[in-house]
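# Commentary on secondary and tertiary structure
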Amino acid sequence: MSALHGLTIEIDRDRNNFFMEIKAIGTLTHADYEKITPIIDEALEGVTVPIVNVYIDGTEFDGWQLQAAWDDLKIGLKHGKKFDKVALYGNQHWQEVMSKIGSWFVSGEVRYFDDPLEALAWLRD
């Protein structure tokens with residue numbers, strides 16, 4: 001497990017359209033989600049239709065501690081109906097599998113990409 005871990009998030013809003021960019025590094029912990037969850041909750045408060053597009057860079061992501069995996073699932077259950085497209089850019093087969101499982105909790109589409117430019121182009125379509 002890498003000692004370096006965490007989530008960075010950038011949220012852009014243009015009227016009712018949202019774009020979230022998330023970078024996951026190392027093995028995520030419950031403490032990471034305690035910091036990021038209120039930011040996500042506040043940014044998505046009041047969103048009622050699937051208008052949020054998300055780009056996740058998982059190239060330095062190693063996974064979750066058990067409690068953090070539960071935290072991630074809770075975010076998906078709470079906000080999943082707000083997402084239009086989620087693009088996961090990664091470099092591990094297990095990430096592709098997780099993107100398919102993640103699609104169960106999102107009303108829009110979730111796709112895995114091994115090329116960041118293809119992921120961003122798909123989000124812009």
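Just above, that's the structure.
Right, let's walk through the structure included here. Since this is a predicted model, take the numbers as computed values, not measurements.

Once that is clear, we can look at the nonpolar core. If you look at the biggest cluster of nonpolar residues, it comprises 19 residues, and the most contacted ones within it are Met 20, Leu 44, Val 52, Val 54 and Phe 83. It is strand 2 (residues 17-28) that provides the largest number of residues to this core, a total of five residues.

Taken together, the side chains of Leu 77, Trp 104 and Phe 105 present a nonpolar region at the surface, about 370 Å² in accessible area. Turning to its location among the elements, Trp 104 is positioned in the loop between helix 3 (93-102) and strand 5 (109-113).

In this model, helix 2 (residues 66-79) (14 residues) spans 20 Å end to end at C-alpha, consistent with the 20 Å of a helix rising 1.5 Å per residue. For helix 2, the full list of buried residues reads Ala 68, Asp 71, Ile 75, Gly 76 and His 79. End-on view of helix 2: buried residues confined to an arc of 140°, all on one side of the axis. Residues of helix 2 that are exposed and point more than 90 degrees away from the buried face comprise Leu 66 and Leu 77.

Before going further, it helps to examine the sheet that holds strand 5. The strand order across the open sheet built from five strands is 1-2-3-4-5, with neighbouring strands paired in mixed fashion. Either end of the sheet is taken by a strand with one partner, and the two such strands are strand 1 (6-14) and strand 5. In this sheet, neighbouring strand axes are inclined to one another by 15° on average, regardless of whether the strands run parallel or antiparallel. Note: strand 4 (residues 83-89) against strand 5, five bridges, orientation parallel. Along strand 5, the bridge assignment pairs Val 86 with Val 110. The strands touched by helix 1 (residues 30-44) are strand 1, strand 2, strand 3 (52-64) and strand 4; relative to strand 1, the strand with the most contacts, the crossing angle is about 5°. Sitting on the sheet, helix 2 is in contact with strand 2, strand 3 and strand 4, with an inclination near 170° to strand 3.

Parameters and conventions
Residues numbered from 1 in each chain as written. Predicted model: local features only at pLDDT ≥ 70, side-chain atom pairs only at ≥ 80, totals over all residues. Heavy atoms only, no water. Core = buried A, V, L, I, M, F, W, Y, C linked by side-chain atoms within 4.5 Å. Buried < 20%, exposed > 50% of the residue type's maximum accessible area, 1.4 Å probe, protein only. Helix = DSSP H or I, 4+ residues; strand = E, 2+ residues; numbered from the N terminus. Patch = residues over 30% accessible without salt bridge, like charges linked within 9 Å, V, L, I, M, F, W, Y side chains within 5 Å. Areas by Shrake-Rupley, 256 points an atom, 1.4 Å probe, with all protein chains shown as cover. Salt bridge = Lys/Arg side-chain N within 4 Å of Asp/Glu carboxyl O. Expected span 1.5 Å × (residues − 1). Arc of directions from axis to C-beta. Pairing = 2+ DSSP bridges. Axes fitted to C-alpha atoms, helices over the stretch in contact; angles between N-to-C directions. Contact = heavy atoms within 4.5 Å.

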